[in-house]
Amino acid sequence: MRRTPVSSSNLVSVGYDIDSAILEIEFGGGRVYQYARVPQDAFRALMNADSIGSHFHRHIRDKYPTTEIL
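Residues numbered from 1 in each chain as written. Predicted model: local features only at pLDDT ≥ 70, side-chain atom pairs only at ≥ 80, totals over all residues. Heavy atoms only, no water.

Enquirer: What should I look at first to understand the sheet that holds strand β4 (residues 32-35) in this one?
Expert: Hydrogen bonds between backbone groups are what pair the strands of a sheet, and the pairing can be parallel or antiparallel. Within the open sheet, the five strands sit side by side as β1-β2-β3-β4-β5. Their pairing is antiparallel. The open sheet is flanked by β1 (4-5) and β5 (66-68), the only strands paired with a single partner. Pairing analysis gives three bridges linking β4 to β5, with the strands arranged antiparallel. Its bridge partner lying in β5, Y35 is registered against T66. (Pairing = 2+ DSSP bridges. Helix = DSSP H or I, 4+ residues; strand = E, 2+ residues; numbered from the N terminus.)

Enquirer: Even after reading the chapter, I still don't get the packing of aromatic side chains, so can you show me in this structure?
Expert: Under the definition given, this model contains four aromatic pairs. Taken together, a centroid distance of 4.8 Å and an interplanar angle of 10° make the contact between Y16 and F43 stacked. With a gap of 27 residues between them, Y16 in strand β2 (residues 11-17) and F43 in helix α1 (residues 40-48) connect regions that are remote in the sequence. For Y16, a relative accessible area of 17% puts it in the buried group. Look at Y35 and F56: their rings are 5.7 Å apart centre to centre, the planes differ by 75°, and that puts the pair in the edge-to-face class. Remark: F56 occurs in helix α2 (residues 52-59) and Y35 occurs in strand β4; sequence separation between them is 21 residues. Overall, the relative accessible area of 1% leaves F56 in the buried class. An aromatic cluster is built from F27, Y33, Y35 and F56, whose rings are joined through pairwise contacts. (Phe/Tyr/Trp six-rings, centres within 6.5 Å; stacked < 30°, edge-to-face > 60°. Buried < 20%, exposed > 50% of the residue type's maximum accessible area, 1.4 Å probe, protein only.)

Enquirer: What's the story with the pairing of β4 in this structure? I'm lost.
Expert: On any regular strand, side chains alternate: one points to one face of the sheet, the next to the other face. Note that strand β3 (residues 22-27) and β4 share four bridges and pair antiparallel. In the sheet register, E26 faces β4, and the bridge partner there is V32. In this structure, the hairpin formed by β3 and β4 is closed by a connection of four residues, where G30 is found at a positive phi of approximately 95°.

Enquirer: Help me understand α2, please; the structure alone is not making it clear to me.
Expert: In an α-helix there are 3.6 residues to a turn, and that puts residues three or four apart on one side. Within α2 the residues assigned to the buried category are I52, G53, H55 and F56. The arc that holds every buried residue of α2, seen down its axis, measures 165°, which confines them to one face. For α2, the elements touching its buried residues are β2, β3, β4 and α1. (Arc of directions from axis to C-beta. Contact = heavy atoms within 4.5 Å.)

The following block contains the structure:
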């Protein structure tokens, strides 16, 4: 999945596949996780948040099925 670099102290890059509703996040330590069944609106809100890391922790983490892929 293609990811976009983001300005965050924890997150390095974020990608989203609209067809599968998969959100993919690369973290500072190099780990990559996929979050399933994430609505497109949730992805947009994440990318438009003033603090992407804080938004992720409040609205994404532990809210969607998660798989570590790397």
